[in-house]
Structure formats: structure tokens, C-alpha cells
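An overview of the molecular structure
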Amino acid sequence: MLTSEMRRLISENTIGLVATVTPEGKPAVSPKATSVVLSPSEIAFLDIRSPKTRQNIEANPNVELNYVDVFRRKACRLTGVATYVSPDSKEFAILQNNFREFDYLLDGVHGIFHVTISKAQLILSPAYDHGAKEEILQKEWLAKYTELISSVSYTQLTLPTKA
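Before going into details, it helps to say that this report is about the structure given with it. (Residues numbered from 1 in each chain as written. Predicted model: local features only at pLDDT ≥ 70, side-chain atom pairs only at ≥ 80, totals over all residues. Heavy atoms only, no water.)

**So, the sheet that holds strand β6 (residues 74–85)**
The criterion, for reference: Two strands qualify as a pair provided that DSSP identifies no fewer than 2 bridges between them. Working definition: helices are DSSP H or I runs of at least four residues, strands are E runs of at least two. Numbering for both runs from the N terminus. Angular values range over 0 to 180 degrees, each being the angle between N-to-C directions of two axes fitted as lines to C-alpha atoms, with helices fitted over their stretch in contact. Note on definitions: a residue-residue contact is assigned when non-hydrogen atoms from the two residues lie within 4.5 Å.
The strand order across the open sheet formed by seven strands is β2-β1-β5-β6-β7-β4-β3, and the pairing between neighbours is antiparallel. One side of each edge strand has no neighbouring strand; the edge strands of this open sheet are β2 (27–32) and β3 (36–39). Strand-to-strand twist of the sheet, defined as the mean angle between neighbouring strand axes without regard to direction, takes the value 35 degrees. Here twelve bridges tie β6 to strand β7 (residues 111–124), and the two strands are oriented antiparallel to one another. Among the inter-strand pairings, Ala-82 is bridged to a residue of β7, identified as Val-115. Across the sheet, helix α2 (residues 51–59) touches β1 (16–21), β2, β4 (42–47), β5 (62–69), β6 and β7, and the angle it forms with β1 is around 50 degrees.

**Here we look at the nonpolar core**
Applicable threshold: Buried residues of nine kinds, namely Ala, Val, Leu, Ile, Met, Phe, Trp, Tyr and Cys, make up a nonpolar core once their side-chain atoms join them within 4.5 Å. Between buried and exposed lies partly exposed: a residue is buried under 20% and exposed over 50% of the maximum accessible area for its type, with that area taken using a 1.4 Å probe on protein chains only.
With 17 residues, the main nonpolar core has Ile-43, Leu-65 and Leu-78 as its most contacted residues. Secondary structure elements with two or more residues in this core: α1 (4–12), β4, β5, β6 and β7. Non-local contacts of Ile-43, meaning those with residues more than four positions away in its chain, are made with Ile-10, Ser-35, Val-36, Val-37, Leu-38, Leu-65, Tyr-67, Leu-78, Phe-113, His-114, Val-115 and Ile-117. Residues Leu-46, Val-85, Leu-106 and Val-109 belong to the second largest nonpolar core, which totals eleven residues.

This is the structure:
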């Protein structure tokens, strides 16, 4: 299901947008920054501050996840069914081992979202239709973002003060 290219994209761009449906039937999208690929048909992410995502998945387990590589102009769209794994379950202890890179967050984890993927799609920018090469797109977009960041004057930024 997940190709090696999709796995790479997800592992290099761990911030995913998770779409759920609220109990009232409304769409909800939430960023999650702790995604790990478990297998070609499974992905998981931590519940650090996700009570609404948990509530939505309990009401309707159907989810869609999107991971975007803004520099290579590619994305990975995953459709699947999520389950919530609580810390008191045997599965939690097993799944937790997959999150070693996030070990500094594990003390505050409320649970783990485990997604069984039913559909995976690699999405390419229309630029590829016109002969664009990945390496060139990556360099061009990295330069664009670097220019955006360097144009911000950090000396002009101020933090809010207490009254």
C-alpha cells in the first residue's frame, strides 16, 4: 500500500493533517507532528493534546491523513480507519516502542492513534506534468522559503508583555 517513496515523504515530513468528522457531522482537520509508519498499511501518531480528535474518532473512525513535502511539491494522501489505544492497554506498550524519536514527549502522552490504511495515493504538483524535475523544484522552493524567512526582521518581533 505505502510505497517506499510515500514512506520517505512521511518520515521526512512528519507533520500530517488529520481529517476527522465531528459527532455533528462537520469536517475537522488537525495537525499532528508525531507520525510514524508502522507497516505498509499502518501509521500511528501520538495523542498529546488531541481530545477533539479522540472524540471524533470515537464517533466515526474514518480518517484521512495528508503529508506534504512543500519543497519537492509532492503529497501523500492516506485514507483509513483509526482506533484509539489507551496507555493502560497491552497494545500501547508495544506501539510506544515505535516513537523513540519522540521519547521526550512520551510522559505527556494520553494515548496513540493507530490507523489501518485502506487507500494510499501519491499526489504530484502539476509542475511534474510539464517536465519539472524533483531536484530543481526542491532547490527553487527551498530558495523561496529561505528568502521569506530571511526577510523577517527578528529585531522587530516582540513578545507580548504582562500587564
